[in-house]
Amino acid sequence: MTDPETEHEKELKEDQNDPILVDRDFKYARLYRCWLDGREPELLTTEDYHVGSFDVSPAGNSVVFSRQPTPKVPDGRLNSDLSLLDLSSGRVQNLVEQPGLDIDPSFSPDGKQIAFVSMDGKADWINNYYVYLVDPNGRGLRNVSEAFDERVSGPLTWGSDGNHIYFLGYEHGDRRVWTLDIAGETVEPVSGFDDGKTVSSFDVGEDGQVLLALSAPNLPAEIHLAEGGKKLTSVNENYDKGKIGETELFTYESHDGRPMEGYIVRPVGYEEGKKYPLLVIVHGGPSGVHSSAFTPRRGVYPVLGFAEKGYAVFLPNPRGSGGFGVEFRRSNFKDWGYGDYQDIMTGVDRLIEKGLVDEDRMGIMGWSY
């Protein structure tokens, strides 16, 4: 829970003539233990650092948590470490201290190892994220997912056998569930069903069965079994598909021969051979990615609303985007607005050549990067 405002701070906010002092008096997220018998929650971390994520040991006697010096975004991305709290004594000890990001810790089923997401000891905004292991005593620190050339996304989920870890990660525009064999340090997708789709969350049963919450460009989110893809929910079955612009993967070669991917959303009522006004949405990051998810909105922009109003929408993933490995993500480093710009404009040219776009009616938008 984040520190509450003090009465003095509330008074200062009400005084419109008072200056706002940035980078001072941070509101830290601290770790609490909540009792189910009605007692007040117990504050567990009192030092001034910001707690990000945590996990309780299987025995219930300790908590591993990520911490960063301030709540500021750069500290979260480039300066987070792990600590271990002994619940009986209240003692906190540093567990992992290295440059870069170290977050999302998760105890193994037997409590003898802790998995977490790490930047591999490099404070590098563009770097991959990996699965790391460490013993609760701080020994045995190692990277076990170097075979996966992308950014691992937590929370990390252990298999009941203690030999496998499940995580989310991109493969081009598809966000899939992957399983890591710790002993062999090999990574493979859990199933083929999430190919061409985007998984938002998942869970693993004791029998190894995996549930996926996923969507696809033309499929609103539902719960499925990973094995075989059986659909278990029909939350969105009454969605009016006639008002959805059809989305398809669009591949092409950029100006320098580099393969490119993006998505084209056709306007509702699309007619072959007819030209349509085009809107291009550039994602942020620059290591963001336009994905294979059902996308009514991207950032602040109503993608499917535009399609309903008769626009074609181009969602490009130029060099520097996530999902295509670290080399691709680094390929616009110190080159913003050059190669990446040409990637986007080459995609626009290809859409014009295909006869889809009215080149006299085009617009572009984006955010952040």
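This write-up is about the structure you can find in this document.

What counts and what doesn't
Residues numbered from 1 in each chain as written. Predicted model: local features only at pLDDT ≥ 70, side-chain atom pairs only at ≥ 80, totals over all residues. Heavy atoms only, no water. Pairing = 2+ DSSP bridges. Helix = DSSP H or I, 4+ residues; strand = E, 2+ residues; numbered from the N terminus. Axes fitted to C-alpha atoms, helices over the stretch in contact; angles between N-to-C directions. Contact = heavy atoms within 4.5 Å. Salt bridge = Lys/Arg side-chain N within 4 Å of Asp/Glu carboxyl O. Buried < 20%, exposed > 50% of the residue type's maximum accessible area, 1.4 Å probe, protein only. Phe/Tyr/Trp six-rings, centres within 6.5 Å; stacked < 30°, edge-to-face > 60°. Lys NZ or Arg CZ within 6 Å of the ring centre and 35° of its normal.

Let us look at the sheet that holds strand β21 (residues 312-317). If you trace the five strands from one edge of the open sheet to the other, you get β18-β19-β21-β20-β22, paired in mixed fashion. Edge positions in the sheet fall to β18 (247-253) and β22 (357-366), since each has one partner strand and no second. Strand-to-strand twist across the sheet, computed as the mean angle between neighbouring axes with direction ignored, equals 30°. Bridge count between strand β19 (residues 259-265) and β21: five bridges; the pairing is antiparallel. Bridge pairing links I264 to F314 in β21. Lying on the sheet, helix α5 (residues 339-353) is in contact with β18, β19, β20 (276-282), β21 and β22; it crosses β18 at an angle near 110°.

Quick look at the pattern of salt bridges now. This model, assessed by the stated rule, comprises 17 salt bridges. One salt bridge in this structure joins E353 and R350, with 3.2 Å as the shortest N-O distance. Of the two residues, E353 and R350 both sit in helix α5, three residues apart, roughly one turn of that helix. According to the relative accessible area criterion, E353 is exposed, its value standing at 60%. Taken together, the shared-partner salt bridges in this structure form one network comprising D3, R30 and D48.

Aromatic ring pairs are defined here through the distance separating the ring centres and the angle between the ring planes. Per the stated rule, a full pass over the model turns up 14 aromatic pairs. Through pairs of rings, three or more aromatic residues link up here, namely F148, F167 and W178. Sitting above the plane of the W178 ring, R176 keeps its charged end 5.7 Å from the centroid. Over the ring of F193 we find K197, and its NZ or CZ is 4.5 Å from the ring centre.

Once that is clear, we can look at the environment of G245. Tracing the sequence through the fold places G245 in the loop between β17 (219-225) and β18. Under the relative-accessibility criterion, G245 is labelled buried at 0%. Considering only alpha carbons, one finds G245 and S57, 188 residues apart in sequence, at a separation of 47 Å. Look past the residues within four positions of G245 in its chain and what remains in contact with it is N218, V265, R266, V268, L304 and A307.

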